[in-house]
Amino acid sequence: MTLCTFHLTRLQSTTFILRLWELILFCYDRSAVQPRLTRKQTLLTPCAASFDDTVAMNTARRFARLRQPRWIASLVVAVLFLLLPMNALAQGAAPAVASTPMVWYLIAGAIAMLVPVGLVLMGVAGLAPERAWNAALGGLGALALAGVVYWAIGFALQFGGVGLTYTRPELRALVWEWSPLPADWGTGWGAAGLNGWFMGGDMTALAYALFFTHLPWVFTVALLPVLALRGRAPAMATLLLALLMGGIIYPLAGNWVQGGGWLSALGRNLVLGHGFVDAGGAGVVFLLAGAFTLAALAVWAPRRGRMAGDDALPPTYQPLLAVAGGLFVLAGAVGWLWSNPLQVEVLSELALMRGSVNIALAAVGGVITPLLYTWFVTGNSDPSMSARGLAGGVIAGMAAAPFVQPGQALLVGVVAGATVPFMTFVYDRMLNLDDATGVLTATIVPATIGLLAVGFFADGAAGAGWQATSLASHLGVAGQGVTGLFAAQGFQRDFPGQLQAQLAGILAIGLWGFLSGLIVCIPLALLFFGLHRSAEPIPDAPLPAEVDISRSVDQPAQPFR
């Protein structure tokens, strides 16, 4: 009986796969159905082949009058196929990883350093050689300045009150948090830490691990605006931006999420899921940096506009750097995701391994659409656009990797990568921001997609007790973790609470990044413009025939070398 059941299940599974395959083929070419079916018949029993013949003919008749574009039908089928295992692959809760050795965080933090390296290579690949050298040198200076200021004040602002949320003896020196709300509003509304200046006091190994593992995050969030602005804004202005990003702007946003601040406490205070969930810093690093860069590029916009008929893809001056940069980002993504001690010890071994697989799937999904799009448009795949799609997939996956199933992770990566060519057109052609480094295209929209995916696709199998929320049980289910609309079997869906928390976090971090960019960049632009004008010598008034017309309006607004 068991053997017969096994063969019946196998036959049904094979028939379903064949039926799906024939439908996809039929969407492209009706004549391809029968030849493909003939080849399949050699692999099946006569009875099964005859049944599949009938299925194929019925499918052909059913869709004979289909008039929609075929690629739309294929896309719908692929999306449904990715969503099918959602409720069937429920995963039981497993105990969290206990007493993780400190060498884990040392290795993970070192691997995560590859992410900013890869982003530098990808950014300079789209710049002319002289500007690429300038941007790379400015990025190196941004790393140094951001690291120093984060040690001095940034770490205290981000983690100065983390011991109030994560009550562990190793965090006893980090228990001072400032809140703008009165105490009768409840605890957990912190906005800035006030302990740990210059890493002084009673710092433990866990505190040092928090500092070291978040250095790649600091380097990246300070690096991205500088890469985009070098050659357009004055050098001193870009260095000041790196100081402010590493010392104030990023640490405050990081406090709200990773430091136990008010966004992470939305679940405890307002019963919105597990609070704003951002496992890999997609929001506090990439969304924040992208929003800040958007404001900065709007302030220092180039004077020269693109020609109306110029529809070519942005040039890739150094394609090898783009490919190498994308591979570095992929290599460092896993270390980046699993380097935070306060998060790793909450996740089970199943969540850790599933999250690593999901990061890889999101990355390869992000490459697919830009690779095919540039091939269809130009006849050759563009390395820079493909690498940016990979980075977009990784960034989207960083937010949701441990909480969703592999099919959804691949889908998130595909959608995030698909936005890269479209947003390149929006930023370069419609807004005329000339995002040559791809900072905007690879960060803002992909990060938003990944953060929203948590509110929809988190299945509850990972993240029990995430951000000190629902430690014993969640929604009456013991061991249930972060959950969205589509919960796995055995768990209760947490909708729209978790999605509302995600929307609140996206709005808060996006506005914080954009408004802080305007507040910082507008005065700097006016200051340096005034200094530049005052430093110019006042020439004698020339006669009308002696007017110098060699200076063209096509020159950048802020030339710098």
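Structure: above.
Conventions we followed
Residues numbered from 1 in each chain as written. Predicted model: local features only at pLDDT ≥ 70, side-chain atom pairs only at ≥ 80, totals over all residues. Heavy atoms only, no water. Helix = DSSP H or I, 4+ residues; strand = E, 2+ residues; numbered from the N terminus. Buried < 20%, exposed > 50% of the residue type's maximum accessible area, 1.4 Å probe, protein only. Contact = heavy atoms within 4.5 Å. Areas by Shrake-Rupley, 256 points an atom, 1.4 Å probe, with all protein chains shown as cover. Polar contact = N/O pair within 3.5 Å; in protein donor to acceptor, adjacent residues only side chain to side chain. Phe/Tyr/Trp six-rings, centres within 6.5 Å; stacked < 30°, edge-to-face > 60°. Core = buried A, V, L, I, M, F, W, Y, C linked by side-chain atoms within 4.5 Å. Axes fitted to C-alpha atoms, helices over the stretch in contact; angles between N-to-C directions. Parallel < 35°, antiparallel > 145°, perpendicular 65-115°, else oblique. Nonpolar A, V, L, I, M, F, W, Y, C, P; charged D, E, K, R; others polar. Salt bridge = Lys/Arg side-chain N within 4 Å of Asp/Glu carboxyl O.

Caption draft 1: How the structure looks around the overall build of the chain. What the chain contains, in helices and strands, is 19 helices and four strands. Buried residues in the chain amount to 52% of all 561 residues. Put simply, of all contacts in the chain between residues at least 6 apart along the chain, 80% involve residues at least 24 apart. Carbon together with sulfur atoms contributes 70% to the accessible area of the chain, which is approximately 25200 Å² in total.

Caption draft 2: Inspection of the environment of R230 at higher detail. The topology assignment puts R230 in the loop between α9 (215-229) and α10 (235-257). Under the relative-accessibility criterion, R230 is labelled buried at 7%. A polar contact is formed between the side chain of R230 and the side chain of N134, at a distance of 2.8 Å.

Caption draft 3: Structural detail: the packing of aromatic side chains. Considering all chains together, one arrives at 14 aromatic pairs under this definition. On the basis of an interplanar angle of 80° and a centroid distance of 5.2 Å, the ring pair of W151 and F198 is categorised as edge-to-face. Taken together, the residues W151 in helix α7 (residues 129-159) and F198 in the loop between β2 (192-193) and α8 (205-213) connect sequence positions 47 residues apart. Judged by its relative accessible area of 48%, F198 is partly exposed.

Caption draft 4: Fine view of the nonpolar core. Counting 121 residues, the largest nonpolar core has F155, Y250, F286 and W300 as the members making the most contacts within it. If we ignore the near neighbours within four places in the chain, the residues touching F286 are L119, T220, L224, G281, W336, I395, M398, T443 and A447. With eight residues, the next largest nonpolar core counts V120, L127, L227 and A436 among its residues.

Caption draft 5: Main features of the packing of helix α13 (residues 319-337) against helix α16 (residues 383-400). It is at 8 Å that the axes of α13 and α16 come closest, and there the two elements cross at 10°. Compared by their axis directions, α13 and α16 come out roughly parallel. Contacts between α13 and α16 pair P319, A322, V323, G326, V329, L330, A333, W336 and L337 from the former with P383, S384, A387, L390, V394 and M398 from the latter. Looking at the contact of α13 with α16 residue by residue, the class counts come to 13 nonpolar, two polar and no charged.

Caption draft 6: Quick peek at the pattern of salt bridges. This model, assessed by the stated rule, comprises five salt bridges. The salt bridge involving D202 is made with R172; its shortest N-O contact spans 2.9 Å. Taken as a pair, D202 in the loop between β2 and α8 and R172 in the loop between α7 and β1 (177-178) lie far apart in primary sequence, 30 residues in all. In this structure D202 comes out as partly exposed when scored by relative accessible area, which is 40%. Among the residues examined, R172 registers a relative accessible area of 46% and is labelled partly exposed. In this structure, a network of salt bridges that share partners links the residues R168, E170 and E345.

Caption draft 7: Inspection of unusual backbone geometry at higher detail. In this structure, P496 follows F495 across a cis peptide bond, with omega equal to 10°. Within the secondary structure, P496 sits in the loop between β4 (477-478) and α19 (497-535). Although it is not a glycine, M199 sits at a positive phi angle of roughly 55°. Topologically, M199 is positioned in the loop between β2 and α8. Judged by relative accessible area, M199 falls into the buried class, the value being 8%. We note that S470 has phi near 55°; this positive angle belongs to a residue other than glycine.

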